[in-house]
Amino acid sequence: MKPIISDKQPKPIELEQGKTYAWCSCGQSTSQPFCDGSHAGTAFSPKIFKAEETKTAYMCMCKHSENPVFCDGTHKTLD
Ligand code: FES
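Residues numbered from 1 in each chain as written. Predicted model: local features only at pLDDT ≥ 70, side-chain atom pairs only at ≥ 80, totals over all residues. Heavy atoms only, no water.

Student: Can you break down the overall build of the protein residue by residue, with the values?
Tutor: Check the secondary structure of the protein and you find zero helices and four strands. For the protein, the succession of helices and strands along the chain, N to C, is β-β-β-β. For 79 residues, the compact-globule estimate of 2.2 N^0.38 gives 12 Å, and the protein sits close to it at 12 Å. Considering only C-alpha atoms, the protein reaches an extent of 35 × 30 × 20 Å along its principal axes. Going through the 79 residues of the protein one by one, you find that 37% of them count as buried. Considering only residue pairs separated by 6 or more positions, the protein has 60% of its internal contacts joining residues 24 or more positions apart. Distance between charge centroids for the protein: 2 Å, based on 9 positive and 9 negative side chains. (Helix = DSSP H or I, 4+ residues; strand = E, 2+ residues; numbered from the N terminus. Rg over C-alpha atoms; globule rule 2.2 N^0.38 Å. Buried < 20%, exposed > 50% of the residue type's maximum accessible area, 1.4 Å probe, protein only. Contact = heavy atoms within 4.5 Å. Lys, Arg positive; Asp, Glu negative; His and termini not counted. Charge placed at Lys NZ, Arg CZ, Asp CG, Glu CD.)

Now the structure itself:
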């Protein structure tokens, strides 16, 4: 089962050092790029991560990044 492509461009998010986030891996959340529980009943679960520093991060929105939760440019290769 493949994730839904939420968008084909990353979303800049201001992350706060030490704060924990839940990145949506299924693509169905309406609170992108974060999980809103919409994955319930699917094989997907959010990727929980802690921000290592306070900075603007470019979050993966296509859900196909090889380096989730961040954009690695994979969206450019998707149809
Ligand atoms: S809504 Fe997508 S992983 Fe939770």
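Student: Would you mind going over the pattern of salt bridges in detail, with residue names and values included?
Tutor: As enumerated under the stated definition, the model contains one salt bridge in all. Across the salt bridge formed by lysine 55 and glutamate 53, the nearest N and O atoms sit 4.0 Å from each other. A relative accessible area of 46% places glutamate 53 in the partly exposed class. (Salt bridge = Lys/Arg side-chain N within 4 Å of Asp/Glu carboxyl O.)

Student: Account for the environment of histidine 39, with residues named and values stated.
Tutor: Along the chain, histidine 39 turns up in the loop between strand 2 (20-23) and strand 3 (47-50). Setting aside its immediate chain neighbours within four residues, histidine 39 contacts Cys26, Phe44, Ser45 and Pro46.

Any functional reading would require information that these geometric values do not contain.
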